[in-house]
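# Structural overview for review
Chain residues, written in single-letter form:
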Amino acid sequence: MNLRDKYGIPHDAVITIAGTVGVGKSTMTKTLAEALDFKTSFEKVDTNPYLDRFYDDFSKWSFHLQIYFLAERFKEQKRMFEYGGGFIQDRSIYEDTGIFARMHKEKGTMDPVDYETYTSLFDAMVMTPYFPHPDLLIYLEGSLESIIGRIQERGRPMEQQTPITYWEEMHGRYEDWIDNFNGCPVLRLNINDYDIVKRPEDVEKILDRIGSHLTKTAVYRG
Ligand SMILES: Nc1ncnc2c1ncn2[C@@H]1O[C@H](COP(=O)(O)OP(=O)(O)OP(=O)(O)O)[C@@H](O)[C@H]1O
Ligand SMILES: Nc1ncnc2c1ncn2[C@H]1C[C@H](O)[C@@H](CO)O1
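Residues numbered from 1 in each chain as written. Chains lettered and ligands numbered in written order. Predicted model: local features only at pLDDT ≥ 70, side-chain atom pairs only at ≥ 80, totals over all residues. Heavy atoms only, no water.

Stated formally: UniProt positions are given in the numbering used here, feature names are shortened, and annotations may be inferred rather than shown by experiment.
Identification of the protein chain as Deoxynucleoside kinase from Tetzosporium hominis is taken from an unreviewed UniProt entry. UniProt's Sequence similarities (unreviewed entry) comment on the protein chain is quoted here verbatim: "Belongs to the DCK/DGK family."

### Side note on the packing of helix H4 (residues 58-82) against helix H5 (residues 94-106)
To keep things clear, this is the line we draw: Orientation is described by lines fitted to C-alpha atoms, with helices fitted over the stretch in contact, and by angles between N-to-C directions that extend from 0 to 180 degrees. Each helix corresponds to a stretch of at least 4 residues labelled H or I by DSSP, and each strand to a stretch of at least 2 residues labelled E; elements are numbered beginning at the N terminus. Should an angle fall under 35 degrees it is taken as roughly parallel, and over 145 as roughly antiparallel, whereas 65 to 115 is taken as roughly perpendicular and any remaining angle as oblique. Crossings are assigned a handedness: left-handed for a near helix turned anticlockwise from the far helix by less than a right angle, right-handed for a clockwise turn. Here, residues are in contact when the closest pair of their heavy atoms is within 4.5 Å. Note that Gly is not counted as nonpolar here; it falls among the polar residues with everything else outside the nonpolar set of Ala, Val, Leu, Ile, Met, Phe, Trp, Tyr, Cys and Pro and the charged set of Asp, Glu, Lys and Arg.
Across the interface, H4 lies against H5 with an axial gap of 10 Å and an inter-helix angle of 165°. The orientation of H4 with respect to H5, classified from their angle, is roughly antiparallel. The interaxial crossing formed by H4 with H5 has left-handed handedness. Within the contact between the two elements, H4 uses Phe58, Gln66, Phe69 and Arg73 and H5 uses Asp96, Phe100, Ala101 and His104. Its residues assigned to classes, the contact of H4 with H5 shows four nonpolar, two polar and two charged.

### Observations regarding the site of ligand 2
For clarity, the cut-off: By convention in this text, a residue qualifies as near a molecule or strand provided that one of its non-hydrogen atoms is within 4 Å of it. What qualifies as a polar contact is a pair of N or O atoms within 3.5 Å, subject to a donor-acceptor requirement within protein and to the restriction that residues adjacent in sequence count only when both atoms come from side chains. The Shrake-Rupley method, run with a 1.4 Å probe, gives the accessible areas here. Residue values count only the displayed protein chains as cover.
As a matter of local geometry, ligand 2 sits amid 15 residues, with Glu43, Tyr55, Gln66, Asp96 and Glu159 nearest to it. In the environment of ligand 2, a nitrogen atom lies 2.7 Å from a nitrogen or oxygen atom belonging to the side chain of Gln66. In isolation ligand 2 has 400 Å² of accessible area, and contact with the protein removes 98% of it. With four residues, H4 is the largest single contributor of residues to the shell around ligand 2. A per-class count over the shell around ligand 2 returns eight nonpolar, one polar and six charged.

### Focus: the site of ligand 1
For ligand 1, the set of nearby residues contains 17 residues, the closest of which are Lys25, Ser26, Thr27, Arg154 and Arg156. The contact in question runs from an oxygen atom of ligand 1 to an N or O atom on the backbone of Gly22, over 3.1 Å. Here an oxygen atom of ligand 1 and a side-chain polar atom of Arg91 are 3.5 Å apart. With the chains in place, 85% of the 640 Å² that ligand 1 exposes on its own is no longer accessible. Listed by contribution, the elements that provide at least two residues to the shell around ligand 1 are helix H2 (25-36) and helix H7 (144-154). Taken together, the residues that form the shell around ligand 1 break down as three nonpolar, five polar and nine charged.

### A word on H2
Quick note on the threshold: One fewer than the residue count of a helix, multiplied by 1.5 Å, yields its expected span. When a residue's accessible area, from a 1.4 Å probe over protein chains only, is under 20% of the maximum for its type it is buried; when over 50% it is exposed; and in between it is partly exposed.
With 12 residues, H2 ought to run about 16 Å at 1.5 Å a step, and its terminal C-alpha atoms sit 16 Å apart, in line with that. What H2 keeps buried is the set Lys25, Met28, Thr29, Thr31, Leu32, Ala33, Ala35 and Leu36.

### Here's the deal with unusual backbone geometry
Here Asp37, not a glycine, exhibits a phi torsion of approximately 60°, which is positive. Among the secondary structure elements, Asp37 is positioned in the loop between H2 and strand S2 (39-41). The phi dihedral of Arg91 falls on the positive side, at around 80°, and the residue is not glycine. Turning to its location among the elements, Arg91 is positioned in the loop between strand S3 (87-90) and H5. Given the relative accessible area of 5%, Arg91 is considered buried.

The following block contains the structure:
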């Protein structure tokens, strides 16, 4: 029996992975997609034309970057639903507005008028009854120290030059955001409890939790 059937995970489920920078979303996306024989939707970092510029000068590029991410994620969302599901997605569209755009506006590195323009576009595109929400959002959480360790170990130059206070601010905001999030069902996983890199047997424990959660929240699948 395949792992999808073993854990009662529908073949057309759309599961999105959320969590702060460096917590392990891409790694989790790849691992779960392989285990479930699902397709992946990755956040493309290398081909993002604004990311380097943004880390160099937040104020100048934050609006451009948010528009870019919104377009990319919306296209991916469309692709996943056109395929009829069966996807693991690396980062949800909700984090762009709920974490990043909001943080930059409140810290003064996104112009308030630009922020209004961005949020009205986001709301018109996403916060409508026609927008298909994922079946499950897996929220990865962990201590600030372990996450900063992972960012340093990965070593993307633009992230190394960013002050630790940026990651600290983001970490706090993620905790508040997830406590109030209600866009779709949420499964929280602590990175200290599951280690899919060092303990491959943990993958099935996660699949078991996903299956139970999807069964419990099946009402969302209409
Ligand atoms: N379970 C784990 N144990 C140890 N290291 C891990 C684990 N999962 C991921 N990592 C490492 O942590 C770093 C960040 O992981 P990853 O790129 O998956 O994070 P991410 O959340 O997708 O980041 P971003 O928000 O930038 O997209 C990588 O170097 C990865 O190899
Ligand atoms: N909406 C966003 N606004 C600002 N930055 C963002 C956004 N989404 C991802 N990132 C950054 C974090 C990582 O450095 C890198 C890969 O996740 O991209």
